[in-house]
Amino acid sequence: MSLTNLGGDGLQVEAVALNDIAARFGTPCYVYSRLALTAAYVGYRNALHAHGLGDRALICYAVKANSNLAILNLFARLGAGFDIVSGGELARVLAAGGSADKIVFSGVGKSREEMRQALEAGIHCFNVESTSELEQLNEVAGGLNRRAPVSLRVNPDVDARTHPYISTGLKTAKFGVAFDQAFDTYRRAASLPHLAVKGIDCHIGSQLLDPAPAAEAADKVLALVDRLAAAGIVLEHIDLGGGMGIQYRREEPAPATADYLAPMLAKFAGRREKLIFEPGRSLVGNAGLLLTRVQVLKPGEEKHFAVVDAAMNDLMRPALYDAWHDIVPVAKVGAGDTAPGTPMRYEIVGPVCESGDFLGHDRELALKEGDLLAVLSAGAYGMAMASNYNSRPRAAEVMVDGTHAHLIRRRESVAELFAPESVLP
Ligand code: LLP
């Protein structure tokens, strides 16, 4: 479903005009749609039901994609579990009303303190990525007189064919236990007294548009599960990670959730294990946009610049991955009392002091100073990766629900930015 539609007052999210949101909450501002978030979650749920897996599957939202409490709370209300990677994310999920027993804890470098917190909270499973981590977790659990539920993240050595920074399933990646060593590592895990071997997991990368690599990884995982069962290590769940890609360019549609998942889900017919997914981007990415205002137009000899009030610190994806986000005007064409700007090809850049600070290259837009722009598909890894670089307070976040716009994170103040700092006595 599309996040925005055109209303009398220009672009709107659900029934609220982005013009009104900018007037009420200022810019830059992230805007999310409750309806679009819900629809994305329901897309997963329906796909699982269609394959008869509704009762034995858990959708664990990958918190890292967007960890705002209101978003976590919305998914918790829909029945989701959560995939976390830190003690901070654990605290957020619990604060947002998520159930500890639906949490899986991923990550290559959990601290002992984080292990302790998660054990005390009573999470569903630790996704363990190395033998050392198994030993450490065994010790920490022993100290608490508990058994830690574990799954091993295996690295299936499958090429996810995505951006190298977000490709995680090759032998050369830091992630997971090498596939050839997985069987022996399971034997080791099963022998440790304070661990309970529960499952297996894999995650080969992010923004995958072709389901074939994920299906290939699932085949490898299932073969290993059967081999382990034959050796007496019977697993209760199989976690296939996240990774489903979304549409970033109008011309490049992403597969529908049901179509992307079908090749994987088909493999579960006749099996008994519970299935877990850890989707992040596909649940929130297309449900959010970044609203920004044109500050300055700088026509040049070689390039024309539109300097907007959002920057790389607000949305890092273009600078970091050379990622594309569609950028569209908020005003209705021909609306308003001033004439529209002349269409030109603009570099859409922020005020940060780096040439890497851009949101989009070479965009054909008719702009005037003061115009509002919406940077689309910014719900995932947008605010979550925002920083205070250049001492810029992070953006406000708003969730639209029908005709209402709720402030779900107020804009930071400058005083808050340096409050934890102190000068020498
Ligand atoms: N599970 C694990 C173990 C992960 O590492 C990730 C993402 C996910 C699940 C969720 O993957 P998703 O469904 O969102 O593809 N900052 C990058 C993306 C980094 C992904 C990191 N891991 C970006 O902006 O494209």
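Here is what the cut-offs are and how they apply
Residues numbered from 1 in each chain as written. Predicted model: local features only at pLDDT ≥ 70, side-chain atom pairs only at ≥ 80, totals over all residues. Heavy atoms only, no water. Near = heavy atom within 4 Å. Polar contact = N/O pair within 3.5 Å; in protein donor to acceptor, adjacent residues only side chain to side chain. Areas by Shrake-Rupley, 256 points an atom, 1.4 Å probe, with all protein chains shown as cover. Nonpolar A, V, L, I, M, F, W, Y, C, P; charged D, E, K, R; others polar. Domains from an automatic or database assignment. 1 Å grid on protein atoms, 1.4 Å probe; cavity = no way out; pocket = protein on both sides within 12 Å on 5 of 7 lines; lining within 4 Å. Points joined across faces, edges and corners; volume = space filled by probe spheres on them. Helix = DSSP H or I, 4+ residues; strand = E, 2+ residues; numbered from the N terminus. Axes fitted to C-alpha atoms, helices over the stretch in contact; angles between N-to-C directions. Parallel < 35°, antiparallel > 145°, perpendicular 65-115°, else oblique. Left-handed = near helix turned anticlockwise from the far one by under 90°. Contact = heavy atoms within 4.5 Å. Pairing = 2+ DSSP bridges. Buried area = accessible area lost by both parts, 1.4 Å probe. Salt bridge = Lys/Arg side-chain N within 4 Å of Asp/Glu carboxyl O.

## What to know about the site of the ligand
Stage number 1. As a structural note, the neighbourhood of the ligand is formed by 19 residues, with S206, E278, R317, Y321 and Y381 the closest of them.
Stage number 2. The backbone of R281 places a nitrogen or oxygen atom 2.8 Å from an oxygen atom of the ligand.
Stage number 3. Against a free-state accessible area of 590 Å², the protein chains account for coverage of 92% of the ligand.
Stage number 4. Of the residues that constitute the shell around the ligand, the class distribution is 6 nonpolar, 7 polar and 6 charged.
Stage number 5. Of the domains in this structure, domain 1 (3-32 + 286-418) and domain 2 (34-282) are the two that each give at least three residues to the shell around the ligand.

## Quick word on empty space enclosed by the protein
Stage number 1. Applying the stated criterion across every chain, the model contains 1 cavity of 30 Å³ or more.
Stage number 2. The computed volume of the largest cavity comes to approximately 130 Å³.
Stage number 3. Along the wall of the largest cavity there are 18 residues; nearest its centre are A214, L240, G241, G242 and M264.
Stage number 4. Taken together, the elements giving at least two residues each to the lining of the largest cavity come down to α8 (212-230) and α9 (257-266).

## Quick look at the packing of α8 against α9
Stage number 1. For the pair α8 and α9, interaxial distance at closest approach is 9 Å and the crossing angle is 20 degrees. Compared by their axis directions, α8 and α9 come out roughly parallel. Between α8 and α9 the crossing geometry is right-handed. Residues A214, A215 and A218 of α8 lie in contact with α9, whose contacting residues are Y260, P263 and M264.
Stage number 2. Classifying every residue of the contact of α8 with α9 gives 6 nonpolar, no polar and no charged.

## Concerning the sheet that holds strand β2 (residues 10-13)
Stage number 1. With respect to topology, 3 strands assemble into an open sheet ordered β1-β2-β3, the strand pairing being antiparallel. At either margin of the open sheet sits one strand with a lone partner, and together these are β1 (4-7) and β3 (16-17).
Stage number 2. Both β2 and β3 contribute to a ladder of 2 bridges, which runs antiparallel. Note that in β3 the partner of Q12 across the bridge is A17.

## Quick notes on the domain arrangement of the protein
Stage number 1. If you check the domain split of the protein, you get domain 1 (3-32 + 286-418) and domain 2 (34-282).
Stage number 2. The interface is formed by 24 residues belonging to domain 1 together with 20 residues belonging to domain 2.
Stage number 3. With both chains or domains summed, domain 1 and domain 2 bury close to 2100 Å², and 55% of this area falls on carbon and sulfur atoms.
Stage number 4. On the surface where domain 1 and domain 2 come into contact, there are 1 salt bridge.
Stage number 5. Between D401 and R34 there is a salt bridge, with the nearest N and O atoms lying 3.0 Å from each other.
Stage number 6. At the boundary of domain 1 with domain 2, the tally comes to 12 residue pairs in polar contact (both at pLDDT 80 or more).
Stage number 7. Mapped by element, the contributors of at least two residues to the side of domain 1 that touches domain 2 are α11 (317-321), β20 (396-401) and β21 (404-409).
Stage number 8. Here the side of domain 1 that touches domain 2 takes 4 residues from β20, the largest share from any one element.

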